[in-house]
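# Chains, contacts and geometry: an overview
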Amino acid sequence: MSIAEKIAQANKETLERVLAAQPTLVGMSTAGEIIPGMTKKTILHAGPPVTWDKMSGPLQGAIIGGLIYEELAKDEKEARELAASGEITFDSCHHHNTVGPMAGVVTYKMPVWIVQNKTYGNYAYCTQNEGLGKVLRFGAFEEEVITRLNWMEKTLYPVLKEALTFTGEIDLKSMLAQSLQMGDEGHNRNVAGTSLLLRRLAPAIVKTGFSDEDKAAVLEFISGNDHFWLNLTMPAGKCTMDAAGGIKYSTIVYTMARNGTEFGIRVSGLGDRWFTAPAEIIDGLYFPGYTMEDANPDIGDSSITETTGYGGFAMAAAIPIVQFVGGAPQDALNYSKSMYEITEAENNVYKIPALDFRGTATGIDIQKVVETGIRPVINSGIAHKNPGVGQVGAGIVHPPMKCFEDALEAFVAKLEEEGEL
Amino acid sequence: MSKINELFNKDLRVINMGLESFYNDLKKQEIPVTHVAWKPVAGGNKKLSSLLSRLK
């Protein structure tokens, strides 16, 4: 068999695993109880691994907030000293079957969703979404942020955990597919998915033994947060793509993630190795009073949505999103269409009504990205570059081409070492 | 009539590949024209196109 045939067969197998995945919400727990390798002094973050001194403002801000929330530090000064001391273990969420939006900070006490890929049995974890504005994931750590995190731990989590005992497992793949028919794309437009989830959860929340006040507060919180669903679309993608990693000869990307300093990708046939380059500034719409000058480079694990074949790849399903991330309706159509040039397959479940129900472009092939010069499209929130400020806008961004070029070079080098070329 | 003469008796419909200035000239003359967004493999980068060709 020629090398081209081996690659073609491996890529086909990779896509079969992606398309056969069955991401399912199976329960909730806390990071300390369920995430492999988690300790009281471990902090997980978005993107490829990065040391404290190289972390961007919003990631440092989220870590400061995480240390205060964990009561390991009483204020910013103490938190900075502890973070720089070497006592805290920082690691990529992706190394722990976890994904986190924006800064992606996960600490020991934080409640997490448990999502299982029923086809292959593997798990993925993600925290509960805090909403927009001054929130930890955008690097804010003031009192209101910590107060909300405590409420999410002490009220939101126990109510939802008990509610899930009434709903039973929830098929996220079907719900995500349905949300795409209703104008979502599962990354920056999540209003339909949040509504579908709430429709499932609401009767179960009412059946729990908590006070009416707590139940009402939980229902109001979810209703008031259009992005609540994001923290389920992400682990759905994570457990889908993890099952497609580690396939020999495969040139399909199974991870794209950003830590606010660097963008990193991982390729199925190259195992756990990251290919990184400086993250880019996002072109988009800024909230009143802010400009591109205020923006931090691209940050977050939410690009797992595009890696799996929705998010920016499904923008044609979510045309109103251009009012949030910028551009015209035709741009949304063009973004989705151009992604077919760099992918291996069309999705069998995630479909786009405006493109005659064509399946979304799925399975980014590093060969096609380098050959065409077309980079994956990602729509993303924009964090302020300084810690403590929060979100300042949303827009469109791409991975640096260098990530794909370096991965291609490493792929050829690996085949040479193995005597395949 | 040969096929080629048949073609010349029809309205001109042009697909332009390569230099965009050809496309712009025709557009100025109100000739229907579609420009193909074509780029050389790997943007013409010899090292990258050689890596790609080794996998073909």
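Because the structure is predicted, anything quoted here is derived from the model rather than measured.

### Comments concerning the overall build of chain B
Counting its regular elements, chain B contains three helices and two strands. Ordered by position from the N terminus, the helices and strands of chain B form the series α-β-α-β-α. Expected size for 56 residues packed as a compact globule is a radius of gyration near 10 Å; at 17 Å, chain B overshoots this value by more than 25%. Summarising its shape, the C-alpha atoms of chain B cover approximately 50 × 30 × 10 Å along the three principal directions. Counting the 56 residues in chain B, one finds 4% classified as buried.

### Quick notes on the overall build of chain A
From N to C terminus, chain A includes 14 helices and 15 strands. Relative to the 2.2 N^0.38 estimate, which gives 22 Å for 421 residues, the radius of gyration of chain A is 20 Å and therefore close to what a compact globule would have. In terms of its C-alpha atoms, chain A occupies a principal-axis envelope of roughly 65 × 45 × 40 Å. Among the 421 residues that make up chain A, the fraction classed as buried is 55%. Considering only intrachain contacts with a sequence separation of at least 6, the fraction spanning at least 24 residues in chain A is 74%.

### Structural notes on the environment of Phe166 of chain A
All names here are of chain A. Within the fold, Phe166 resides in helix α5 (residues 143-167). Residue classification places Phe166 among the partly exposed positions, given that 14 C-beta atoms sit within 10 Å. In this structure the C-alpha to C-alpha distance between Phe166 and Ile3, which are 163 residues apart in sequence, comes to 51 Å. If we ignore the near neighbours within four places in the chain, the residues touching Phe166 are Ala204 and Lys207.

### A closer look at the domain arrangement of chain A
Often, the extent of an interface is quoted as the loss of accessible area on bringing the components together. Residue and element names in this part refer to chain A. Here the domain parsing of chain A yields domain 1 (22-234) and domain 2 (246-417). Listed by partner, the interface residues are 46 residues for domain 1 and 46 residues for domain 2. Put simply, the parts of the chain that give the side of domain 1 that touches domain 2 at least two residues each are α3 (57-69), α6 (172-180) and α9 (230-242). The element contributing the most residues to the side of domain 1 that touches domain 2 is α3, with six residues. Residues of the side of domain 1 that touches domain 2, tallied by class, amount to 22 nonpolar, 17 polar and seven charged.

### A word on the nonpolar core
Residue and element names in this part refer to chain A. Grouped together as the largest cluster of nonpolar side chains are 127 residues, with contacts concentrated most on Val112, Trp113, Val115, Ala314 and Ala407. In terms of residue count, α5 provides more of this core than any other element does, nine residues in total. Here this core spans two domains, since at least three of its residues come from each of domain 1 (22-234) and domain 2 (246-417). Ignoring sequence-local partners within four residues, the contact set of Val115 consists of Pro23, Thr24, Leu25, Val26, Tyr123, Ala124, Leu172, Leu232, Pro235, Ala236 and Cys239.

### Side note on the environment of Ala318 of chain A
Position of Ala318 of chain A among the secondary structure elements: in the loop between α10 (304-308) and α11 (322-325). Here Ala318 of chain A falls in the buried class, since 31 other C-beta atoms lie within 10 Å of it.

### Points about the sheet that holds strand β11 (residues 299-300) of chain A
Residue and element names in this part refer to chain A. The sheet built from four strands is open, its strands ordered β9-β8-β7-β11 with antiparallel pairing. Unpaired on one side and paired on the other, β9 (275-278) and β11 mark the two borders of the sheet. Bridge count for strand β8 (residues 262-267) against β9 is four bridges, and the pairing is antiparallel. Within the sheet, the bridge partner assigned to Gly264 lies in β9 and is Thr276.

### Examining the packing of α5 of chain A against helix α8 (residues 212-223) of chain A
Residues and elements named next belong to chain A. For the pair α5 and α8, the least separation of the axes is 10 Å and the interaxial angle reads 95°. With respect to each other, α5 and α8 are oriented roughly perpendicular. Touching Thr155, Leu156, Val159 and Leu160 of α5 are Asp214, Lys215, Ala217, Val218 and Phe221, all from α8. Each residue belonging to the contact of α5 with α8 can be placed in one class, and the counts come to six nonpolar, one polar and two charged.

### What about the pairing of strand β5 (residues 123-127) of chain A?
Residue and element names in this part refer to chain A. The element β5 is extensively covered by neighbouring structure, given that four of its five residues are classed as buried. The pairing of strand β4 (residues 111-117) with β5 spans five bridges and is classified as antiparallel. Counted as the bridge partner of Gln116 is Tyr123 from β5. Between β4 and β5, which pair antiparallel and follow one another directly, the connecting turn spans five residues, one of which, Gly121, has a positive phi of 85°.

### A look at the pairing of β8 of chain A
Residues and elements named next belong to chain A. The buried count for β8 comes to six of six residues, which makes it a mostly enclosed element. Burial along β8 is two-sided: the face carrying Glu262, Gly264 and Arg266 and the face carrying Phe263, Ile265 and Val267 are both buried. Across five bridges, strand β7 (residues 253-259) lies against β8 in antiparallel orientation. Looking across to β8, one finds that Ala257 is bridged to Gly264. The turn joining β7 and β8, which pair antiparallel and follow one another in sequence, is formed by two residues; a positive phi near 95° is taken by Gly260.

The rules behind the values
- Per chain, the residues get numbers from 1 upward, laid out in the order the sequence is written.
- Chains carry letters from A onward and ligands carry numbers from 1 onward, assigned in written order.
- This being a predicted model, a pLDDT of at least 70 is required before a residue's local features are given, and a value of 80 or more before pairs of side-chain atoms are given or counted; all residues contribute to the totals for chains, interfaces and linings.
- Each helix is a run of H or I in the DSSP string that is no shorter than four residues. Each strand is a run of E no shorter than two, and both are numbered from the N terminus.
- Only C-alpha atoms enter the radius of gyration; for comparison, a globular chain is expected to reach 2.2 Å times N to the power 0.38, where N is the number of residues.
- Any residue with 12 or fewer other C-beta atoms within 10 Å of its own C-beta is exposed, any with 20 or more is buried, and the rest are partly exposed; the C-beta atoms used are placed from the backbone.
- For the purpose of contact definition, each residue receives a C-beta atom placed from its backbone, and two residues are in contact when these atoms lie within 7 Å.
- Domain segmentation is taken from an automatic or database assignment of domains.
- Each residue receives one of three labels: charged for Asp, Glu, Lys and Arg, nonpolar for Ala, Val, Leu, Ile, Met, Phe, Trp, Tyr, Cys and Pro, and polar for the others, Gly being one of them.
- By convention in this section, buried Ala, Val, Leu, Ile, Met, Phe, Trp, Tyr and Cys residues joined through C-beta atoms within 7 Å make up a nonpolar core.
- Think of it this way: DSSP has to see at least two bridges between two strands before they count as a pair.
- Helix axes are fitted to C-alpha atoms over the stretch in contact, other axes to C-alpha atoms as well, and angles between N-to-C directions run from 0 to 180 degrees.
- An angle below 35 degrees is treated as roughly parallel, one above 145 as roughly antiparallel, one from 65 to 115 as roughly perpendicular, and anything else as oblique.

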